[in-house]
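# Reading the structure
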Amino acid sequence: MSINFYKYQGTGNDFIMIDNRENVFAHDIEHIATLCNRRTGIGADGLILIENHPNLDFEMVYFNADGSKSLCGNGSRCAVNFAKFLGIISDSTNFQTIDGEYSAQIKEEIVHLKMKDQAAPAKFEDHYFLNNGSPHHIIFVERVEESPVVKQGATIRYSEQYKPHGTNVNFVEVINQHQVFVRTYERGVEDETLSCGTGITASCLAAADKGLMSPIHVQSKGGNLQVQFEKKNGGFTNIHLIGPAVQVFQGTISL
Ligand SMILES: N[C@@H](CCC[C@H](N)C(=O)O)C(=O)O
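Residues numbered from 1 in each chain as written. Predicted model: local features only at pLDDT ≥ 70, side-chain atom pairs only at ≥ 80, totals over all residues.

Under the convention used in this document: UniProt positions are given in the numbering used here, feature names are shortened, and annotations may be inferred rather than shown by experiment.
The chain goes by Diaminopimelate epimerase in an unreviewed UniProt entry, where it is assigned to Reichenbachiella agarivorans. A UniProt comment under Subunit (unreviewed entry) is attached to the chain, and it reads "Homodimer." Here the chain is described in UniProt, under the heading Catalytic activity (unreviewed entry), as follows: "(2S,6S)-2,6-diaminopimelate = meso-2,6-diaminopimelate".

### Examining the UniProt feature "binding site: substrate" (unreviewed entry) in the chain
Applied cut-off: The numbering of helices and of strands both runs from the N terminus, where a helix is a DSSP run of H or I of at least 4 residues and a strand a run of E of at least 2. For the exposure call, what matters is how many other C-beta atoms sit within 10 Å of a residue's own: 20 or more marks it buried, 12 or fewer exposed, and in between partly exposed, using C-beta atoms placed from the backbone. Contact between two residues is assigned whenever their backbone-derived C-beta positions fall within 7 Å.
If you check UniProt for "binding site: substrate" (unreviewed entry), the listed places come out as Asn 13, Asn 64, Gly 73, Asn 74, Asn 168, Glu 186, Arg 187, Gly 197 and Thr 198 in our numbering. With respect to the helices, strands and loops of the structure, Asn 74 is situated in helix α2 (residues 73–85). Exposure remark for Asn 74: the 34 C-beta atoms within 10 Å place this residue in the buried category. Those residues within four positions of Asn 74 in sequence are excluded, and the remaining contacts are Gly 10, Thr 11, Asn 13, Ser 195, Cys 196 and Gly 197. Topologically, Glu 186 is positioned in strand β12 (residues 179–186). Excluding residues within four positions of it along the chain, Glu 186 makes contact with Asp 45, Asn 168, Asp 191, Thr 193 and Cys 196.

### Here we look at the site of the ligand
Inclusion rule: A residue counts as near a molecule or strand when its C-beta atom, positioned from the backbone, falls within 6 Å of it. In this classification, Asp, Glu, Lys and Arg are treated as charged, Ala, Val, Leu, Ile, Met, Phe, Trp, Tyr, Cys and Pro as nonpolar, and every other residue, Gly included, as polar. Domain extents, as shown, originate in an automatic or database domain assignment.
Near the ligand there are 17 residues, and of these Ser 70, Asn 74, Ser 134, Gly 197 and Thr 198 occur at the shortest range. Top contributing element to the shell around the ligand by residue count: α2, with three residues. Along the lines of polarity and charge, the residues of the shell around the ligand split into three nonpolar, twelve polar and two charged. Structurally, the shell around the ligand is a two-domain feature, drawing no fewer than three residues from each of domain 1 (2–114 + 245–254) and domain 2 (122–241).

### Quick look at the confidence of the model for the chain
Selection rule: A residue's pLDDT is the confidence the predictor assigns to it, expressed on a 0 to 100 scale.
Of all residues in the chain, 100% attain a pLDDT of 70 or more, and the chain-wide mean is 98. The secondary-structure element of the chain with the lowest mean pLDDT is strand β17 (residues 246–254), recorded at 97, while strand β11 (residues 168–176) shows the highest, at 99. If you check the scores for this complex, the pTM reads 0.97 and the ipTM reads 0.98.

### Here's the deal with the domain arrangement of the chain
Domain boundaries in the chain define domain 1 (2–114 + 245–254) and domain 2 (122–241). Measuring from the centre of the C-alpha atoms in domain 1 to the corresponding centre in domain 2 gives 22 Å. With 19 residues of domain 1 at the contact, the number on the domain 2 side is 20 residues. Mapped onto the side of domain 1 that touches domain 2, the elements with two or more residues apiece are α2 and β7 (110–114).

### Considering the pairing of β17
When a strand is regular, its side chains alternate between the sheet's two faces. Basically, it comes down to this: Pairing between strands is defined by DSSP: at least two bridges between the two strands are required.
For β17, a buried count of zero out of nine residues is recorded, marking the element as mostly open to its surroundings. Inspection of the sheet shows strand β1 (residues 2–10) paired to β17 by eight bridges, in the antiparallel sense. Across the sheet, residue Tyr 6 finds its bridge partner in β17, namely Gln 250.

### Here we look at the nonpolar core
In globular proteins that are soluble, nonpolar side chains generally tend to be buried together. Applicable threshold: Buried Ala, Val, Leu, Ile, Met, Phe, Trp, Tyr and Cys residues form a nonpolar core when they are connected through C-beta atoms within 7 Å.
Membership of the largest hydrophobic core comes to 64 residues, with the highest contact counts inside it found for Ile 16, Met 17, Leu 47 and Ile 48. For this core, the element with the most residues is helix α4 (residues 197–209), which contributes six residues. No fewer than three residues from each of domain 1 (2–114 + 245–254) and domain 2 (122–241) sit in this core. Other than its neighbours up to four places away in sequence, Ile 48 contacts Phe 15, Met 17, Met 60, Val 61, Tyr 62, Gly 75, Cys 78 and Ala 79.

As structure tokens, this is what we get:
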């Protein structure tokens, strides 16, 4: 037996997408990790299943490349465009994620993902921390191109303070009041990815504490995104992660 898969990428964060509305694809962590392996499988930062939901348009089930689960911002944007491709939605949607109900709109093929309201990121001597569905340690640096993202990211991700679940680690360079460049070490991929949507959003909210203002234009190694937000009661509301999500090829997986 076989099942079709589709490959999507959102600013270089790439995902295997499967329409699992008939529950044919088992949630088998080892199989998922095998498929995401870049040498012996299809290769991806994560795998996403689109499944039925009783009240919402669909449920997005996200797995990191190692089979672990969390919220994925770029994956959510890709899932929304995939749901449109499948004919499940038109240009706006409410869908289920591991972090509860999310909504999004597609405008000229760009996905505007509404994130949950957030309290201000916790501020420490040399970093910020925010869990916006996924945990994010945020460090501001002078020249992000020179940051040792994999080495320092792994050291922080596996440090005592984040045991047992670990964290993602974001390195942020402020370019101007409306622009940052973000690089992220991702838990579950255990490497730097070209872009991390929840990390970029968390980084922009931390950047607001340094005086940056919405909208913030974000450079990542895989392309450009935009984060919009409003400040409310010391926290943030109307947070949107905005950017492209593109289907790059299709194939078949043997089951
Ligand atoms: N790439 C993602 C984040 C995926 C989850 C993360 N690796 C974790 O385990 O916390 C994004 O775009 O948000």
